[in-house]
Amino acid sequence: MILTTNLIDRKDWLRKTKSTQMIVPPSLGNLSKLTHLNLSVNFLKGQLPPSLGNLSKLTHLVIYGNSLVGKIPPSIGNLRSLESLEISNNNIQGFLPFELGLLKNLTTLDLSHNRLNGNLPISLKNLTQLIYLNCSYNFFTGFLPYNFDQLTKLQVLLLSRNSIGGIFPISLKTLDISHNLLIGTLPSNLFPFIDYETSMDLSHNHISGEIPSELGYFQQLTLRNNNLTGTIPQSLCKVIYVDISYNCLKGPIPNCLHTTKIENSDVCSFNQFQPWSPHKKNNKLKHIVVIVIPILIILVIVFLLLICLNLHHNSSKKLHGNSTKTKNGDMFCIWNYDGMIAYDDIIKATEDFDMRYCIGTGAYGSVYKAQLPSGKVVALKKLHGYEAEVPSFDESFRNEVRILTEIKHKHIVKLYGFCLHKRIMFLIYQYMDRGSLFSVLYDDVEAMKFKWRKRVNTIKGVAFALSYLHHDCTAPIVHRDVSTSNILLNSEWQASVCDFGTARLLQYDSSNRTIVAGTIGYIAPELAYTMAVNEKCDVYSFGVVALETLAGRHPGDLLSSLQSTSTQSVKLYQVLDQRLPLPNNEMVIRNIIHFAVVAFACLNVNPRSRPTMKFFEALTLSSSDDLLLLMKDSFWGCSF
């Protein structure tokens, strides 16, 4: 039988594999007709199977945003039809296989945000069709392969945050080799561009010598934090934005450099620079300009700062009704601010968001662990720079700040602060030691520690948080993405709901229609035919989470079997996580029965028949045995 489907949808893949091993199955290598394979942003672990090399007709292989480990298999060189290879944002290690150079039809190669090391293989020069190459945020060393100038179609080269040496004289539209070990001088033919869309970043290297006196026209040139010497050439006027800070430059500054950063380190005094003018002035006028103007500027800046601080204080007091603490305290003075007060602490604690501090990667950002000078450990969710330009991601980040600054509950993750800036965006959260509920349930070692009493308390905590959002807030809040991945556990196994990027404030006088949001396998079925969102959407998702916590696996197969007319009734003890011994405490048994009954009620296809989270909270706090009286069988015999 010939397989005619040419695209595997990642959402369908997630739904089918949620309750099984989250790896890339070797059997995929049998799909000989496959041309597109996209498994990005899932929960995949393990290694890339060598059998992927059997997919000879594959043109697009996209597996970014997972937790893959191991090495890239040499069999990847068999995919001679491959045009796009994207495996960024994983934990792949080792050397790049020489066989990558056999993929001569490749136009896009993205290996960024991994743990790859060694030299870039010289065989990469054979990828003559390559347009985009991104190897940034790895551990590459050595020098760039010689004859890289053979890549005549290459327009974007991103190699930042490695330990690569040498110099790379090639004409590209976008070149970023910042934060490496480049040495030597800038050759005069390094900048032949005549394109205002071109940008180049060679910052944070060891480049010495003078800036070439002949430059082409382009968008941005960043040379900060190098060892450049000599004067500032007039040719920089052809560049729209220039940053030559922290070098050893001196002499006059051309007047044309309006959008230029020119600062010096301690080695080179800022006073070495003097304003350039085509006409000479007398000494008396120079002294007046040098003395009076800086004083006036300082007075104006101080006056403006006082106004801004006063406005900020009033705004913060009005919005939050309390004062903030110092930057090294438990809270940051970042509310309704751009993050500068705590920014230095964050950068130092993460070494400028080094990958060593990255503890996870999501759909549109990475999570970092940071210990601040006060000793407090926090989690930082940082939006990737290129994704910050996507309006939906930017809106999600700002929505999460807007929601979390208005609510406070012990089972909702604490937002300590944020930085929302066009160049960098991150949120500062309470750090949860044990990670997500999903990671605990699907790790056999952690799942064995996750005893029944702890699981019961986790379900209670999530229920209390949702009840608070739905019934105790001024305007009801619907989370819209309740899943085990968005529930975090601290060292005491206390649960907190997180990720409010898609949350919505409900308006009583509107239809509350919106696009479908959430995680496949947890979305209420009515959203397939209506865009109206309400609290009952979260109730359905909670039912899935509650059963998944009790069963230790996603209940999708269980629900399918219960709906089958040929299936006999299922005993509750058969549903429970088989990795744990059956509970023997009477109170725990009672709670499990209560929660199982309510969880199945939450999964009712009719939204109106689902209970409210307020009902569940009241049931949990009550000592009534009404539900137990409804059970005709004992605990071990109750059927569903």
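Residues numbered from 1 in each chain as written. Predicted model: local features only at pLDDT ≥ 70, side-chain atom pairs only at ≥ 80, totals over all residues. Heavy atoms only, no water.

- An unreviewed UniProt entry annotates the protein as non-specific serine/threonine protein kinase originating from Medicago truncatula.

Things to note about the sheet that holds strand β23 (residues 377-383)
Part 1: Here we have 5 strands laid out as an open sheet, ordered β21-β22-β23-β25-β24, and antiparallel in their pairing. Either end of the sheet is taken by a strand with one partner, and the two such strands are β21 (358-361) and β24 (415-420). Direction aside, neighbouring strands of the sheet carry axes that sit 20 degrees apart on average.
Part 2: Here 3 bridges tie β21 to strand β22 (residues 365-371), and the two strands are oriented antiparallel to one another. Among the inter-strand pairings, G360 is bridged to a residue of β22, identified as V367. (Pairing = 2+ DSSP bridges. Helix = DSSP H or I, 4+ residues; strand = E, 2+ residues; numbered from the N terminus. Axes fitted to C-alpha atoms, helices over the stretch in contact; angles between N-to-C directions.)

Things to note about the side chain of T350
Part 1: Summarising the element assignment, T350 is placed in helix α3 (residues 340-350).
Part 2: A distance of 3.0 Å separates the side chain of T350 from the backbone nitrogen of F353, its partner in a polar contact.
Part 3: The contacts of T350, once residues within four sequence positions are left out, are Y357, Y368, K369, A370 and L380. (Polar contact = N/O pair within 3.5 Å; in protein donor to acceptor, adjacent residues only side chain to side chain. Contact = heavy atoms within 4.5 Å.)

Here's the deal with helix α7 (residues 452-472)
Part 1: Spanning 21 residues, α7 covers 29 Å between terminal C-alpha atoms, matching the ideal 30 Å at 1.5 Å per step.
Part 2: Of all 21 residues in α7, 16 are buried; the element is thus mostly enclosed. (Expected span 1.5 Å × (residues − 1). Buried < 20%, exposed > 50% of the residue type's maximum accessible area, 1.4 Å probe, protein only.)

Some thoughts on the UniProt feature "binding site: ATP" (unreviewed entry) in the protein
Part 1: Mapped onto this numbering, the UniProt entry gives "binding site: ATP" (unreviewed entry) at K381.
Part 2: Summarising the element assignment, K381 is placed in strand β23.
Part 3: By relative accessible area, which is 12% here, K381 ends up buried. (UniProt positions renumbered as here; feature names shortened; annotations may be inferred.)

Describing helix α8 (residues 535-551)
Part 1: Spanning 17 residues, α8 covers 25 Å between terminal C-alpha atoms, matching the ideal 24 Å at 1.5 Å per step.
Part 2: Buried residues dominate α8, accounting for 16 of its 17 residues.
Part 3: Between a side-chain oxygen at the N-terminus of α8 and the backbone nitrogen of K536 the separation is 2.9 Å; the capping residue is N534.

Considerations on the packing of α7 against α8
Part 1: Relative to each other, α7 and α8 sit at 175 degrees, their axes nearing to 10 Å. Considering their axes alone, α7 and α8 lie roughly antiparallel with respect to each other. Between α7 and α8, the contacting residues are W452, R455, I459, V462, A463, L466 and H470 on the first element and E535, D538, F542, A546, T549 and L550 on the second.
Part 2: For the contact of α7 with α8, the per-class residue count stands at 8 nonpolar, 2 polar and 3 charged. (Parallel < 35°, antiparallel > 145°, perpendicular 65-115°, else oblique. Nonpolar A, V, L, I, M, F, W, Y, C, P; charged D, E, K, R; others polar.)

Things to note about unusual backbone geometry
Part 1: Even without being glycine, H113 reaches a positive phi, approximately 55 degrees.
Part 2: You can see H113 is positioned in the loop between β6 (108-110) and β7 (115-118).
Part 3: A positive phi angle, near 60 degrees, is found at R161, a position not held by glycine.
Part 4: The topology assignment puts R161 in the loop between β10 (156-158) and β11 (174-176).

Focus: the nonpolar core
Part 1: Counting residues in each nonpolar core, the largest one holds 75 residues, and the members touching the most others are I407 and F542.
Part 2: Shared between two domains, this core holds at least three residues of each, these being domain 2 (340-430) and domain 3 (435-629).
Part 3: Those residues in contact with I407 that sit more than four places away from it in its chain are I412, Y468, L469, C473, I477 and F500.
Part 4: Core analysis: the next-biggest nonpolar cluster, separate from the first, contains 62 residues, I164, L175, M200 and V242 among them. (Core = buried A, V, L, I, M, F, W, Y, C linked by side-chain atoms within 4.5 Å. Domains from an automatic or database assignment.)

Focus: the sheet that holds strand β29 (residues 495-497)
Part 1: The 3 strands lie next to each other as β26-β28-β29, forming an open sheet whose pairing is antiparallel. Every interior strand has two partners, whereas the edge strands, β26 (435-436) and β29, have only one.
Part 2: As defined by bridge partners, strand β28 (residues 487-489) adjoins β29 across 3 bridges and the pair is classed as antiparallel. Bridge pairing in β29 places I487 opposite V497.
Part 3: The strands touched by α7 within the sheet are β28 and β29, with β29 carrying the most contacts at an inclination of about 30 degrees.

A closer look at the pairing of β22
Part 1: The pairing of β22 with β23 spans 7 bridges and is classified as antiparallel. Its bridge partner being in β23, G365 is matched across the sheet by L383.
Part 2: Counting the residues between successive antiparallel strands, the hairpin from β22 to β23 contains 5 residues, one of them, G375, with a positive phi of roughly 95 degrees.

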